[in-house]
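Inside the fold
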Amino acid sequence: MFVYADNAATTAVSKTALEAMLPALHEMYGNPSSLHQKGREANMALIGARETVAKCLNASPKEIYFTGCGTEADNWAITEGARLGALAGKKHIISDTIEHHAVLHTLAKLEKQGFEVTYLPVHSNGIVRVEELEAAIRPDTCLVTIMFSNNEIGTLQPIREIGAICRSRGILFHTDAVQAVGHVPVDVEADHIDMLSLSGHKFHAPKGVGALYCRKGIKLKNFIEGGAQERGKRGGTEAIPAILAMAAAMQESCEHLPENMAHVTAMRDKLIEGLSKIPYSHCNGDPDHKAPGIVSFCFEGIEGESLLLRLDLAGICASSGSACTSGSLDPSHVLLALGLPHEIAHGSLRLSLCEYNTMEEVDYILEQVPQVVKTLRQMSPVWMHMLEKMPDPYQD
Ligand SMILES: *Cc1c(COP(=O)(O)O)cnc(C)c1O
């Protein structure tokens, strides 16, 4: 059996998205800035895509800027939020310890430029406490950037409450919603969001396209100098095929959100229940505030990398944390932020599901993972060492 359970790293392009992009690769090849019929045709399609993306977020089309990826949207939003703050003499930013590197590295760059960043702790459940956020606000706080849904452990932050606080204090609020859009309801009005980043390839559009929502009235500066594309703020001929595919994928996931969420949540819960039966296992994140598709576990006494390789041999594609940190031997910053000791964080496994997965696949995962964990433990010196101090759970 083959199971793709790494949808938080990237997703397969849907049939709908593919069909939406094909005409733009063939007959609809015009440059939307051209004045002739081919250009007009492409421009009409672009206008339609912007309307679709805006509608899915409850935004207005003028508030949507297409970008090359989610990382670019994060960089743009945070850099701009900081620049606008500095103009008003405010150079303090609030974020948290489990953000994606697209956010953390942008913040690190700003710190070198003289901004001060408070990283809120997330506690053992992976969630920021609203009282702590309120307490961290200073007269010079210009920007709060807190992710919607975490890519490694799937925790959902109290976005609406955070948005309301920021709005009442006149502080810009950005959220990295790359793992949220297409997976859980996102409404920029109800959630009081000023800036939001999203990425197509996390919800069945191709790689290389994303968007930044920026509430009207916020005076965004140009991010890429060039032509008049994206209201002159992001030059470069628009990636029409990818943009059309993203809009189609977004519309499809928004339309089917309730049933997709129900299906994915049921699979997630079955996985959590089954994997929890493995001795010395820890389920990461908060069971009540969790994205539908992300399951994160740590198994004591083993290395996450070895687990992944064995699962790959069994036909299961999974991850030990985020794709961006794989290859490095350090445990993920997200798992460490939960307060897990290094040796436990090392034995991590992330399974991320989407609506294409099936219960049969979940059953197969639940058949394979416990066996592989047991095999690896029996070869592990760390596990042997643990057995000196505890009864062997595999001995009956
Ligand atoms: C994938 C991801 C990103 C980066 O998006 P790209 O389009 O791959 O640049 C940013 N934030 C989160 C939470 C992600 O999961």
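For clarity, every value in this text was computed on a predicted model and none was experimentally measured.

**A few points about the domain arrangement of the protein**
How big an interface is tends to be stated in terms of the accessible area lost upon association of its parts. By domain assignment, the protein separates into domain 1 (3-9 + 257-387) and domain 2 (15-255). Placing a centre on the C-alpha atoms of domain 1 and another on those of domain 2 gives a separation of 28 Å. Contact with domain 1, which involves 29 residues of that partner, is made by 31 residues of domain 2. Summed over both partners, the interface of domain 1 with domain 2 buries about 2,400 Å², with 57% contributed by carbon and sulfur atoms. Summed over the shared surface of domain 1 and domain 2, the result is zero salt bridges. Counting every contact that joins domain 1 to domain 2 gives 11 residue pairs in polar contact (both at pLDDT 80 or more). Elements supplying a minimum of two residues to the side of domain 1 that touches domain 2: helix H8 (257-276), strand S10 (294-299) and helix H10 (333-337).

**Concerning the sheet that holds strand S6 (residues 172-176)**
Backbone-to-backbone hydrogen bonds pair the strands of a sheet. The strands run either parallel or antiparallel. Strand order in this open sheet of seven strands is S2-S8-S7-S6-S5-S3-S4, and the pairing throughout is mixed. Sheet topology places strand S2 (64-67) and strand S4 (116-120) at the edges, where each strand pairs with a single neighbour. The mean angle between the axes of side-by-side strands here comes to 20°, regardless of whether they run parallel or antiparallel. Of the pairings in the sheet, the one linking strand S3 (residues 92-96) to strand S5 (residues 141-145) comprises three bridges and is parallel in character. Counterpart to isoleucine 94 in the pairing with S5 is valine 144. Lying on the sheet, helix H4 (residues 101-112) is in contact with S3, S4, S5 and S6; it crosses S4 at an angle near 145°.

**Description of the side chain of asparagine 150**
Among the structural elements, asparagine 150 can be located in the loop between S5 and helix H6 (159-169). Polar contacts involving the side chain of asparagine 150 include one to the main-chain amide nitrogen of glutamate 152, which spans 2.7 Å.

**Quick word on the environment of methionine 267**
Examined against the element boundaries, methionine 267 turns out to sit in helix H8. Here the alpha-carbon distance between methionine 267 and asparagine 7, two residues 260 residues apart in the chain, equals 14 Å.

**Quick notes on the site of the ligand**
Around the ligand, 13 residues are found, and the nearest of them are Thr71, Asp176, Gln179, Ser199 and Lys202. Measuring from an oxygen atom of the ligand, one finds a side-chain N or O atom of threonine 71 at 2.6 Å. Glutamine 179 places a polar side-chain atom, nitrogen or oxygen, 2.7 Å from an oxygen atom of the ligand. The fraction of the free accessible surface of the ligand (380 Å²) that becomes covered by protein chains is 89%. Looking at the shell around the ligand residue by residue, the class counts come to three nonpolar, seven polar and three charged.

**What about the pairing of S4?**
Note on strand geometry: in a regular strand, side chains alternate between the two faces of the sheet. In terms of strand pairing, S3 meets S4 through five bridges, oriented parallel. Opposite isoleucine 94, over in S4, you have threonine 118 as the bridge partner. Read from S3 through H4 to S4, the crossover connection turns out right-handed.

**A short note on the packing of aromatic side chains**
In this structure the tally under the stated criterion is five aromatic pairs. Geometrically, the ring pair formed by tyrosine 280 and tryptophan 383 is edge-to-face, given 6.0 Å between the ring centres and 75° between the ring planes. Of this pair, tyrosine 280 sits in the loop between H8 and strand S9 (281-283) while tryptophan 383 sits in helix H13 (residues 381-387), and the two are 103 residues apart along the sequence. Ring centres 6.0 Å apart and planes at 50° place the aromatic pair tryptophan 383 and tyrosine 394 in the tilted group.

**Digging into the packing of helix H9 (residues 304-313) against helix H12 (residues 359-378)**
Where H9 contacts H12, the two axes come as close as 10 Å, and the packing angle between them is 130°. Here H12 runs oblique to H9, going by the angle between their axes. Of the two possible hands of crossing, H9 and H12 adopt the one that is right-handed. For the pair H9 and H12, contact is made by Ser306, Leu307, Arg310 and Leu311 and by Gln368, Val369, Val372, Val373, Thr375 and Leu376, respectively. Its residues assigned to classes, the contact of H9 with H12 comprises six nonpolar, three polar and one charged.

**Thoughts on the pairing of strand S7 (residues 195-199)**
In terms of burial, S7 is largely enclosed, as five of its five residues are buried. Of the two faces of S7, the one holding Met195, Ser197 and Ser199 and the one holding Leu196 and Leu198 are both buried throughout. Across three bridges, the pairing between S6 and S7 is parallel. Paired with threonine 175 across the strands is leucine 196, a residue of S7.

**Focus: the pattern of salt bridges**
One pass over the structure, following the stated rule, counts 13 salt bridges. Across the pair arginine 167 and aspartate 194 runs a salt bridge whose closest N-O atoms are separated by 3.0 Å. Of this pair, arginine 167 sits in helix H6 while aspartate 194 sits in the loop between S6 and S7; the two residues are 27 residues apart in sequence, bridging distant segments of the chain. Through salt bridges with shared partners, a single ionic network connects Glu116, Arg138 and Asp140.

Quick notes on the rules
- Residues numbered from 1 in each chain as written.
- Predicted model: local features only at pLDDT ≥ 70, side-chain atom pairs only at ≥ 80, totals over all residues.
- Heavy atoms only, no water.
- Domains from an automatic or database assignment.
- Contact = heavy atoms within 4.5 Å.
- Buried area = accessible area lost by both parts, 1.4 Å probe.
- Salt bridge = Lys/Arg side-chain N within 4 Å of Asp/Glu carboxyl O.
- Polar contact = N/O pair within 3.5 Å; in protein donor to acceptor, adjacent residues only side chain to side chain.
- Helix = DSSP H or I, 4+ residues; strand = E, 2+ residues; numbered from the N terminus.
- Pairing = 2+ DSSP bridges.
- Axes fitted to C-alpha atoms, helices over the stretch in contact; angles between N-to-C directions.
- Near = heavy atom within 4 Å.
- Areas by Shrake-Rupley, 256 points an atom, 1.4 Å probe, with all protein chains shown as cover.
- Nonpolar A, V, L, I, M, F, W, Y, C, P; charged D, E, K, R; others polar.
- Right-handed = clockwise from strand over helix to strand, strands pointing away.
- Phe/Tyr/Trp six-rings, centres within 6.5 Å; stacked < 30°, edge-to-face > 60°.
- Parallel < 35°, antiparallel > 145°, perpendicular 65-115°, else oblique.
- Left-handed = near helix turned anticlockwise from the far one by under 90°.
- Buried < 20%, exposed > 50% of the residue type's maximum accessible area, 1.4 Å probe, protein only.

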